[in-house]
Amino acid sequence: MVPKSYDKIRAKQATIIAVLLAILALTISYFGYGWLTQFFALGVILGGIYAVAAIPFAWIYGVMRFFNLAHGELIIVGAYVSYWLFVIAQIDPFVSLPLSFAFLAAVGFIYYKVIVSRIRKVGVNPTLVASFGLAFALQGLMLLICRADPRAILTPYSKVGISIGPVVLPLIRVIVLLVAVTIMILLRYFLMRTFFGRACRAVSQDWEVSEMIGINSERIYMLSFILCSGLAGIAGTLIGMAYSFEPTIGLRAYLLKSIAITVLGGVGSIGGIIAGGIVLGLAEVFGALFLGGGYRDAIAFIILILAISFKPTGLFGKVAHL
Amino acid sequence: MVGVKEAWKTAVGVVAALFLLVSVPFLFSSYPFVTYIIFLLFIYITLAASWNFAGGYGGQMNLAQAAFFGAGAYTQALLAKTVPPYFCLLLGGVAAVAISTIVIPCFRFRGTYFAIGTLVLPEIIKVIIINREELGGAGGLHLPVPTQYQIASYYYPSLILALITILITYLLIRSSFGYSLQAMGDDEDAAESIGIATLKYKILSMFVNAFFAGIAGALYASYILYVQPYQAFDMVNWTFYPIFMVLLGGIRTMKGPILGSIIFMGLYYVITLYLTELSLIIFGLLLVVIAVFLPEGISSKITFKMREKKGSGS
Amino acid sequence: MSLNVENVDVAYGDLQVLWGVSLEVKSGELVALIGSNGAGKTTTLKTIMGILSPKSGNIKYLESDLLKLKPYERVKKGIAIVPEGRRLFPYMSVLDNILVGAYSREAREKLKDNLEWVFSLFPILKERKDQLASTLSGGEQQMLNIARSLISKPKLIMFDELSFGLAPIVVSKLVDTVHRLNKEEHMSVLLVEQNVRNALEIADYGYVLENGRVMLKGEAKDLLASEYVKKAFLGTI
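Predicted, not measured: the structure shown is a model, and the values here were computed from it.

## Concerning the sheet that holds strand β2 (residues 15-25) of chain C
Residues and elements named next belong to chain C.
Here comes step 1: Strand order in the open sheet formed by 4 strands is β2-β1-β4-β5, and the pairing between neighbours is antiparallel. If you trace the sheet from one side to the other, it starts and ends with β2 and β5 (64-65), each paired once.
Here comes step 2: As judged from the 5 bridges shared by strand β1 (residues 3-12) and strand β4 (residues 56-61), these two strands associate in the antiparallel manner. Residue pairing across strands places Asp-9 opposite Ser-56, the latter belonging to β4.

## As for the domain arrangement of chain C
Residues and elements named next belong to chain C.
Here comes step 1: Here the domain parsing of chain C yields domain 1 (1-78 + 156-237) and domain 2 (88-153).
Here comes step 2: Computed over C-alpha atoms, the centres of domain 1 and domain 2 are 23 Å apart.
Here comes step 3: The partner domain 2 presents 8 residues to the 9 residues of domain 1 that form the contact.
Here comes step 4: Of all the secondary structure elements, the ones that give two or more residues to the side of domain 1 that touches domain 2 are α2 (71-77) and α8 (168-183).
Here comes step 5: In terms of residues, the side of domain 1 that touches domain 2 owes the most to one element, α8, which gives 3 residues.
Here comes step 6: Grouping the constituent residues of the side of domain 1 that touches domain 2 by class yields 6 nonpolar, 2 polar and 1 charged.

## Focus on the sheet that holds strand β9 (residues 205-210) of chain C
Residue and element names in this part refer to chain C.
Here comes step 1: Strand order in the open sheet formed by 6 strands is β6-β7-β8-β3-β9-β10, with mixed pairing between adjacent strands. Looking along the sheet, the strands with just one partner apiece sit at the ends: β6 (79-82) and β10 (213-219). Here the average twist between neighbouring strands, direction ignored, is 15 degrees.
Here comes step 2: This element, helix α7 (residues 138-150), spans β6 and β7 (156-160) of the sheet and lies at about 170 degrees to β6.
Here comes step 3: Those strands touched by α8 are β3 (30-34), β7 and β8 (188-192), and its axis lies near 155 degrees from that of β8.

## Topic: the pairing of β9(C)
All names here are of chain C.
Here comes step 1: Counting buried positions over the 6 residues of β9 gives 5, a clear majority of the element.
Here comes step 2: As defined by bridge partners, β3 adjoins β9 across 4 bridges and the pair is classed as parallel. Bridging from a neighbouring strand, Ala-32 pairs with Gly-206 of β9.
Here comes step 3: The sheet contact formed by β9 and β10 spans 6 bridges and is antiparallel.

## Here's the deal with the interface of chain A and chain C
Here comes step 1: Between chain A and chain C, the contact holds 22 residues from the first and 28 residues from the second.
Here comes step 2: Residue assignment for the side of chain A that touches chain C shows that the elements contributing at least two residues are α7 (195-205) and α8 (207-212) of chain A.
Here comes step 3: When residues in the side of chain A that touches chain C are grouped by element, the largest group, 6 residues, is from α7(A).

## Topic: helix α3 (residues 71-89) of chain A
For an α-helix, the turn length of 3.6 residues means that residues three or four places apart are oriented alike.
All names here are of chain A.
Here comes step 1: When the terminal C-alpha atoms of α3 are compared, their 27 Å separation across 19 residues agrees well with the 27 Å that a helix rising 1.5 Å per residue should span.
Here comes step 2: Counting buried residues in α3 gives 15 out of 19 residues, a clear majority hidden from the surface.
Here comes step 3: The positive-phi residue at the C-terminal boundary of α3 is Gln-90, with phi of around 55 degrees.

## Details of the interface of chain B and chain A
Here comes step 1: The interface is formed by 21 residues belonging to chain B together with 25 residues belonging to chain A.
Here comes step 2: Elements with a minimum of two residues in the side of chain B that touches chain A: α5 (111-130), α11 (235-249) and α13 (279-293) of chain B.
Here comes step 3: The element best represented in the side of chain B that touches chain A is α13(B), accounting for 9 residues.
Here comes step 4: Looking at the side of chain B that touches chain A residue by residue, the class counts come to 16 nonpolar, 3 polar and 2 charged.

## Considering the packing of helix α7 (residues 176-186) of chain B against helix α9 (residues 198-224) of chain B
Residues and elements named next belong to chain B.
Here comes step 1: Their axes nearest at 10 Å, the elements α7 and α9 cross at an angle of 105 degrees. Judged on the interaxial angle alone, α9 and α7 are roughly perpendicular. Taken together, the residues of α9 that come into contact with α7 (itself represented by Ser-180, Leu-181 and Met-184) are Thr-198, Tyr-201 and Ser-205.
Here comes step 2: Grouping the amino acids of the contact of α7 with α9 by side-chain chemistry returns 3 nonpolar, 3 polar and no charged.

## A look at the environment of A:Ala89
Here comes step 1: As for its placement among the helices and strands, A:Ala89 is situated in helix α3.
Here comes step 2: Distance from A:Ala89 to A:Leu255, taken between C-alpha atoms, is 30 Å for residues 166 residues apart in sequence.

## Examining the nonpolar core
Here comes step 1: Grouped together as the largest cluster of nonpolar side chains are 269 residues, with contacts concentrated most on A:Ile49, A:Leu238, C:Val31 and C:Leu191.
Here comes step 2: Ranked by residue count, the leading element in this core is helix α2 (residues 34-64) of chain A, at 19 residues.
Here comes step 3: Sequence-distant contacts of A:Leu238, that is, excluding residues within four places in its chain, are made with A:Ile49, A:Val52, A:Val176, A:Val179 and A:Ala180.

## Considering the packing of helix α3 (residues 65-79) of chain B against helix α4 (residues 85-100) of chain B
Each pair of packed helices can be described by the angle between their axes along with the distance between the axes.
All names here are of chain B.
Here comes step 1: Put simply, α3 and α4 touch, their axes get as near as 8 Å, and they point 135 degrees apart. Considering their axes alone, α3 and α4 lie oblique with respect to each other. For the pair α3 and α4, the sense of crossing is right-handed. On the side of α3, the interface is formed by Ala-67, Phe-68, Ala-71, Gly-72, Thr-75, Gln-76 and Leu-79, while α4 contributes Cys-88, Leu-91, Gly-92, Gly-93, Ala-95, Ala-96, Ile-99 and Ser-100.
Here comes step 2: In terms of residue class, the contact of α3 with α4 is made up of 9 nonpolar, 6 polar and no charged.

The rules behind these values
Residues numbered from 1 in each chain as written. Chains lettered and ligands numbered in written order. Predicted model: local features only at pLDDT ≥ 70, side-chain atom pairs only at ≥ 80, totals over all residues. Pairing = 2+ DSSP bridges. Helix = DSSP H or I, 4+ residues; strand = E, 2+ residues; numbered from the N terminus. Domains from an automatic or database assignment. Contact = placed C-beta atoms within 7 Å. Nonpolar A, V, L, I, M, F, W, Y, C, P; charged D, E, K, R; others polar. Axes fitted to C-alpha atoms, helices over the stretch in contact; angles between N-to-C directions. Buried ≥ 20, exposed ≤ 12 C-beta atoms within 10 Å, placed from the backbone. Expected span 1.5 Å × (residues − 1). Parallel < 35°, antiparallel > 145°, perpendicular 65-115°, else oblique. Core = buried A, V, L, I, M, F, W, Y, C linked by C-beta atoms within 7 Å. Left-handed = near helix turned anticlockwise from the far one by under 90°.

See the structure below:
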């Protein structure tokens, strides 16, 4: 049952996902519940964006076994960066994506140098306290500067809807999803085919041997941290475009969801994270439909618990890994 | 070995501290808020010390403490009318232990997954209570107001509770139980391989944690006179704050929880009272600074200083 | 080009495991390091590689002090280790496992040629290059282990428990390969090996480690003939 090469793994993952989705969508439309397909599409979009937000968290955890509790805050900072650039300098959010990346990458660099590299060797506890403290500090900073009201980056084209088949969707969300998917595909290529990507995978699987064959694991940690902080910024910008945000949802929502998706998708697999994201997105949209909006964050929690209880190694088990 | 002089010094110091603590309600009779804060401090010391037993010495990153606290609080609320007061507290502890058994299936997981699994417990109970009117539902329950209501009558029980918790955890740690517990906390696999039944120690240490946390919850409820699911099972206040206090003060030490609670609460109230706008930021930054410069917790620095003072002889 | 380990003491916390260990691998030499389980052979290699730090003593390579260098910097200097237990990256393909060994800039420049060479040494790896490393047989995994360390074309290569858990047929092929690497590619070799006869038959020089100390050293053929070695490792005949 064990597939022997990457291509087969990739194909297997993709076909499972695609087939399940297609069957679901077709059944739903066939039975005349076209409106359910609408929610379905929204759920997939939500899931794709959650996946982009979760990848940096999973990457850091995979490479360094570091539970970055400030992850949610980094995302929201990215959202605010793009928001303010748009409001003050009229910079289109798509254009500000690389700026958001750069800013958060810089923040990540400082975070790593000042905090993470110093206490990483000591143990798990100080890193949890430190990242938690940073999360608090960042949240407080944002509350102070930006106030607590929810915001969204509303461009002139944000309200446009497009119809794809029986479904009407906000155009902005579709484009954001496409951007997210493109980024994830690029990341996967980066992870699988570049030396840096290989080194990251090696370090995550066995850091001691990685050192022995010539990989500078410290450097890998630092570069991964910078990359993933930047990615969090990009995720934040995308979220800001597609949905609303405010300072407190970093810790409350996005951190928890990233953890849930990471467990669900398996630490090492971008494909798994995409699948996990879609599962969560669909669960949230349909859960909110049937149970009411207040339960949205609770759904992530439930999924996390279910994932840990039944499939601790992730949806695709040990087969799918970085 | 500690010399006779040292022993006397410590004894005098402890007695003086106790005397001071006992007289607090009288010293601050016109500022009941101060007495309340110290009451709260003792509650937190209890929570920190009891968590440190299973989590620090035993190495079990158990995040269900809010459930233990809340179980004790709700027991107090439900039984206050029918059961004599101090007995109620004990029942609160027992109820918390009973609730904690739900966590047992999680013990087959390791590290992070175990921690996340334990997070469920407070949420589950919260949901159950919200949906059952006889338990007060989302609105919560009120406790009967006693005829003599003043902070002092809660202050002393909390002081005694903190002292008992510390004493009992101290005795347990020094016993053979504590020896095996720490072995497990050091290295679970190694402990298993030399024949320590880790599951037994995991469960029993959690019971100790739950018991004292439950009593603390019951005591707190009997003062606040009101229990409500979101407040009684609030993870931030009753799980995470005590854990941070332990990490601050020094995990796996006896004075760690005490020092950590004092410093944490001191910082918290100073910051939130005087710097409300910036409080989150400063508080967060302080946590970062402490984690970076004092990763072993504050008690490690203090021990170091004491050793230096004593000179070359030890 | 020689490796000089001078009077090295290594301890795990309070537990000392190596006592005043000294050895030398001259350029182009094949040196065998033998000893019973727990004698400290792996510890010695790990210390040379930089994973462990000695309490005292010196390690020099080509006259430069190694102790200041981190493990990956020592790899850049031309030292490689083939770790014991075939610790491959289980979820990476054979090819990726090999490529990861060529992380340094210098190694990447010569990658194409080195890769061809490595595949010529172990053709079976070329066949299975897209398979996950965990799906290979024991012998193939050890070949991959070696290939991963060879891709950087090191000048000194250290083998930790070359034949552990492998069938004799596979072992003799590996031993041949090691011999060829030494004689044809002029690589210096430090070989830690359970099978003493195999090791000493291809070695130029040998050290016997016992309880963390060098018990015996000398030319390989002398060691093979010595009473001590015969009794301890080759069985009484």
